[in-house]
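# Summary of the model geometry
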Amino acid sequence: SVFDTLAAMGHEQVLLCADEPAGYRAIIAIHSTTLGPALGGTRLLGYASDEEALVDALRLSRGMTYKNALAGMHVGGGKAVILRSGAEPLDRERLFRAHGRFIERLGGRFITGEDVGTTPADMELIRRETRHVKGLAGEGGDPSPWTARGVLRAIQAGARHRWGSDELAGRTVALQGCGSVGGRLAAELHRLGARLLVADVDPDRARHVAAELGATVVPPGAIASVQADIFAPCALGGVLDDRAVQELRAEIVAGAANNQLLEPRHGDALAARGVLYVPDVVANAGGVLSGGADLFGWTRAEVHRRVQAIYDTVLRVLEMAASEGVSPQLAAERLAEARLRERAAAG
Ligand code: NAD
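Residues numbered from 1 in each chain as written. Predicted model: local features only at pLDDT ≥ 70, side-chain atom pairs only at ≥ 80, totals over all residues. Heavy atoms only, no water.

## Observations concerning the pairing of strand E8 (residues 195-199)
- Summarising burial for E8: four of the five residues are buried, a large majority.
- Across five bridges, the pairing between strand E7 (residues 172-176) and E8 is parallel. Across the sheet, the residue bridging to glutamine 176 is alanine 199, located in E8.
- Of the crossover connections in this fold, the one passing from E7 over helix H6 (residues 180-191) to the parallel E8 is right-handed.
- Where E8 lies against strand E9 (residues 216-217), two bridges are found, and the strand directions are parallel. Each bridged residue has a counterpart across the sheet, and for valine 198 the counterpart in E9 is valine 217.
- Taking the sense of rotation as the criterion, the β-α-β connection linking E8, helix H7 (residues 203-213) and E9 turns out right-handed. (Buried < 20%, exposed > 50% of the residue type's maximum accessible area, 1.4 Å probe, protein only. Helix = DSSP H or I, 4+ residues; strand = E, 2+ residues; numbered from the N terminus. Pairing = 2+ DSSP bridges. Right-handed = clockwise from strand over helix to strand, strands pointing away.)

## As for unusual backbone geometry
- In this structure, asparagine 259 takes a positive phi of about 50° despite not being glycine.
- As for its placement among the helices and strands, asparagine 259 is situated in the loop between strand E11 (252-253) and helix H9 (264-272).

## Comments concerning the packing of aromatic side chains
- One pass over the full model with this rule turns up two aromatic pairs.
- With centroids separated by 5.2 Å and ring planes inclined at 45°, the aromatic side chains of phenylalanine 296 and tryptophan 298 adopt a geometry described as tilted.
- Of note, arginine 105 hangs over the ring of phenylalanine 102, and the distance from its end group to the ring centre comes to 4.5 Å.
- Seen from the ring of tryptophan 163, arginine 171 lies directly overhead, with NZ or CZ sitting 3.7 Å from the centre. (Phe/Tyr/Trp six-rings, centres within 6.5 Å; stacked < 30°, edge-to-face > 60°. Lys NZ or Arg CZ within 6 Å of the ring centre and 35° of its normal.)

## Side note on the site of the ligand
- Near the ligand there are 21 residues, and of these Thr147, Ser180, Val181, Asp200 and Arg205 occur at the shortest range.
- Contact between the ligand and threonine 147: an oxygen atom at 2.6 Å from a side-chain N or O atom of the residue.
- For the ligand, an oxygen atom lies 2.9 Å from a polar atom in the backbone of serine 180.
- Burial of the ligand by the protein amounts to 74% of the accessible area it has alone, namely 830 Å².
- Secondary structure elements with two or more residues in the shell around the ligand: helix H5 (144-163) and H6. (Near = heavy atom within 4 Å. Polar contact = N/O pair within 3.5 Å; in protein donor to acceptor, adjacent residues only side chain to side chain. Areas by Shrake-Rupley, 256 points an atom, 1.4 Å probe, with all protein chains shown as cover.)

## Here's the deal with the pattern of salt bridges
- Evaluation of the coordinates by the stated rule reveals 25 salt bridges.
- Between lysine 79 and aspartate 115 there is a salt bridge whose closest N-O contact spans 2.6 Å. You can see lysine 79 sitting in strand E5 (residues 76-83) and its partner aspartate 115 sitting in the loop between strand E6 (110-111) and helix H4 (120-127), a full 36 residues away along the chain. Like aspartate 115, lysine 79 is buried.
- Across the pair arginine 243 and glutamate 247 runs a salt bridge, and its minimum N-O distance is 3.3 Å. (Salt bridge = Lys/Arg side-chain N within 4 Å of Asp/Glu carboxyl O.)

Here's what the structure looks like:
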């Protein structure tokens with residue numbers, strides 16, 4: 001039942017929201033406010049069914065709780081999904097203002113921002129109804145450089161755990177996706193002397209990185225199984241499936257993409273094959289941390305310090321996984337849950 005699912009996943013509150021004249025149907029999932037108001041984006045997507053949308057909202061909001069807790073942010077986890085119907089064109093003003101009114105009624109328990117299918121202009125529309133929104137046009141700036149820096153720190157920590165040294169000079173990195181994060185990560189890795197194999201479904205992007213950094217272009221279908229020391233998924237979620245886990249030749253997987261494991265069992269399968277997986281929930285927290293500038297008034301130096309510290313969190317998670325005999329993904333979740341329990345106990 002829905003209630004069993006909620007209980008199993010630990011959600012505090014899930015709202016089904018509708019404003020039919022506005023063409024608005026949405027789910028706002030508040031997973032946890034233990035560490036602070038639930039922070040999470042609003043996505044606008046077409047779903048095959050209402051159940052699929054609900055599962056997405058539940059899974060993503062819990063992921064935000066873990067990501068924020070592991071990043072040391074004093075915010076909780078939430079997510080909103082607006083169900084995109086077939087009706088076109090969308091009246092975005094009515095849609096997002098309706099969404100803003102629902103958020104306003106939550107009185108600050110949920111703070112939203114941009115996500116898949118939404119833009120800074122949509123956030124401005126939400127802002128007309130509530131101040132509990134971030135990521136307005138001209139605010140904050142692009143999180144990608146911070147995400148790329150955090151992923152680099154995660155790779156270095158993985159290397160330290162695996163090979164006893166952060167040194168990446170001479171290591172080969174297979175990079176999937178040369179977009180906002182992947183492109184910058186490639187430049188950072190090149191600067192540290194790593195050899196790069198790159199792939200992108202947009203061949204121009206891969207060629208651009210190759211030309212700038214002397215990387216070798218690999219067909220997108222082959223990047224997860226090329227001979228490399230490190231595989232860095234920076235494109236899509238769900239890339240670590242049965243086939244990828246079997247064919248992977250890298251010793252470390254660390255990248256920016258969200259939800260890289262298709263299912264939790266793939267984390268165990270990687271561990272069984274002796275591949276060190278750095279959980280994305282820790283590795284890609286740079287973007288979330290950069291939001292601390294708007295949320296808490298952190299200086300650039302403070303954001304930098306916290307993004308650099310992703311290294312320490314990764315090491316801690318990997319050490320926990322090794323000592324408790326569990327996958328790094330499970331260790332990361334346990335560490336996040338321990339932080340939530342500590343906070344709850346402190347009142
Ligand atoms: P992006 O859209 O700028 O780049 C993604 C790139 O991957 C594009 O160049 C695209 O052509 C390529 N791509 C798509 N499918 C591919 C495939 N099958 N094989 C190879 N390349 C493929 O996105 P981004 O902002 O760089 O984010 C990359 C990933 O990191 C996403 O999963 C995103 O959710 C995640 N992430 C990003 C941030 C951030 O700050 N931008 C923060 C946290 C997580």
